[in-house]
Amino acid sequence: MTPPPRPAPSVGLQGPLWRAIVVFRFASLAFALALIAGNVRYYARPLGAIPVVLVMIGWTVAASWLYARPRRRGWPLLIADVAVTAAVLLSAQLVIGSAALARGTPGMAVAWLAAPVLAWAVAGGRRLGVTAALLVGLADVAVRPRLNQASVTGTTLMLLAAVGVGHVTRLAAIAEARLQRAVELEAANRERERLARDIHDSVLQVLALVRRRGASLDGEAGELARLAGEQEAALRRLIATGAPPTPSGTVDLGALVTAYASDVVSVAAPATAVPLPAETSTQVAAAVGAALDNAARHAGPAARVFVLVEDEPGAVTVTVRDDGTGIPAGRLEAAEGEGRLGVAQAIRGRIADLGGTVRIHSAPGQGTEIEMTVPKVSL
Amino acid sequence: MTERIRVMVVDDHPMWRSGVARDLAEAGYDVVATTGEGRQAVRIAGATRPDVVVLDLQLPDISGVEVIRGLRAALPDVRVLMLSASGEQQSVLDAVKAGAAGYLLKSAAPDEFLAAVAGTAAGEAVFTPGLAGLVLGEYRRLAATPEPADRAAPALTDRETEVLRLVAKGLSYKQIAERLTLSHRTVQNHVQNTLGKLQLHNRVELTRYAIEQGLDQL
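Procedures and definitions
Residues numbered from 1 in each chain as written. Chains lettered and ligands numbered in written order. Predicted model: local features only at pLDDT ≥ 70, side-chain atom pairs only at ≥ 80, totals over all residues. Buried ≥ 20, exposed ≤ 12 C-beta atoms within 10 Å, placed from the backbone. pLDDT = per-residue confidence, 0-100. Helix = DSSP H or I, 4+ residues; strand = E, 2+ residues; numbered from the N terminus. Expected span 1.5 Å × (residues − 1). Bend = angle between axes of the 7 residues up to and from the residue. Contact = placed C-beta atoms within 7 Å. Nonpolar A, V, L, I, M, F, W, Y, C, P; charged D, E, K, R; others polar.

## A word on unusual backbone geometry
- For B:R49, which is not glycine, the phi torsion reads 45° and is therefore positive.
- Its 15 C-beta neighbours within 10 Å are what place B:R49 among the partly exposed residues.

## Observations regarding the confidence of the model for chain B
Residues and elements named next belong to chain B.
- Put simply, chain B has an average pLDDT of 88, and 94% of its residues get 70 or more.
- The weakest mean pLDDT in chain B belongs to helix α9 (residues 184–212) at 86; the strongest belongs to strand β1 (residues 6–10) at 95.
- Across the predicted assembly, pTM comes out at 0.63 and ipTM at 0.86.

## Considering helix α6 (residues 115–142) of chain A
- Taking 1.5 Å per residue, 28 residues should reach 40 Å; α6(A) reaches only 19 Å between its end C-alpha atoms and comes up short.
- Of all the bends in α6(A), the greatest, near 150°, is centred on A:G125.

## Focus: the interface of chain A and chain B
- The interface is formed by 35 residues belonging to chain A together with 30 residues belonging to chain B.
- Those elements that place two or more of their residues in the side of chain A that touches chain B are α8 (203–214), α9 (219–239), β2 (265–268), β4 (305–311) and β5 (315–322) of chain A.
- Looking at the side of chain A that touches chain B element by element, the count peaks at seven residues for α8(A).
- Here the side of chain A that touches chain B is built from residues that sort into 16 nonpolar, seven polar and 12 charged.

## Concerning the confidence of the model for chain A
- Looking at chain A as a whole, its pLDDT mean stands at 82, while 90% of the residues score no less than 70.
- Of all helices and strands in chain A, the one with the weakest mean pLDDT is helix α12 (residues 331–337) of chain A (63), whereas β4(A) scores best (94).

Shown next, in the form of structure tokens:
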């Protein structure tokens, strides 16, 4: 036997579906009773309809009450639901009689018979819904002397309803899972902000102080101060609160470039986001990374690097400047001519692919400045 | 002997606060008050009359902007040097617009810090490259934001833009003066003007807002 239907993660979005079934049970009961009243004169045993009607009313009330509690919605209730409905359908053989049924007199559970199908579909999705539709449909068809259009139509409608409701149920479960995830993320985010505040108020202050007091010391103490400073910078980046929002499909270039900030790299950028298409942002940030690598290798150990991000009306300009030793005039061109200036090529290549331009100026003792400009393409 | 420069230190971390106060005292400043709360800073500013306030932007009670407004209301001539960590760009920009005279990263070395306090006391605008980038960005944002014709957004002159870009690229005022063949004082003035226009625009906007909301009738 298949495992009993998994309880929904929580009743949130499925609750309304179960309540809708209760409404359907009572509405369809009223319709079925009206039809019985209209057709009872054709029945073979009109008095026999009384217990059937009582069972229908009783089960409608009982099922509505039983299904109200999520933990009662297991196999016993689902099977009982189909069994009662099948019994009501099969009783038509006795109450209405095959002659009347053959003449096309409707059964006693018209429409009402769909309630367990809906219940199975909500409890277990499309597959269970279809199973219930086939079981109930079989009972409905069984009492007919010959297959007629009405019962085939009825079974088909139940199958469609089962598929439809099953699908909606699955969507509800997915939506609920996503909602749950969003709630968790929100909580995690709040926790993160709280941690960031705590870290800012405690650890960071101490690290900054160690760095500050030790900066003037020599030897190991100075080294410790420097390490504290590095950790302080790393921790600050880690707890930096989320980047400003950008339109979908774009990435804030400012945030990408700011991630390079460190003890020796200072990043200047606008306070607002610099949204560029994701690919453009990534490529420009990679070019900045290449320029920083270059500076780290060639500018000398004491050099500092300054990165400036500018968001102009038609273009975005990123400048990477170091205050290091600089490149002697002509060496850049010479190296490029020999085809071995990997850095310049990597940067120029990336920026040219984006339709942008790169300017490099450098002089001995004045550091190197690499200015990259990429046009803004309207999104 | 000239009178010593009076400094107030506002920072919520006691160890940091006393460290900074000690450095300042050793360098010959008169540390008139230290406090860890913005409200208290505003309250005692009138009585202690500091020339310079060294202010951590992240305080537990009120925002840096509120502290600066309060300080300037109590002491119109007070010069506020903000300290903050990186990654707080918007609050740094807001504080500058509210009237801070300068900005320094908290991770700056002690001698850089003392030079910044001296500069602030002397009426200079102490800029980090990061602040220059923020100010440049703010002018470009204002230029790109459509405004009614009667309220023109402040704009930088070409020279001011040039100077600010060089500051953002990490050049010292001295290096900028050499590169543009200007005097050190002229570079200073250009930098200060970029802040001044932004602060004026901010005050005008605030007043306009107050009038529109009928707050001036209270």
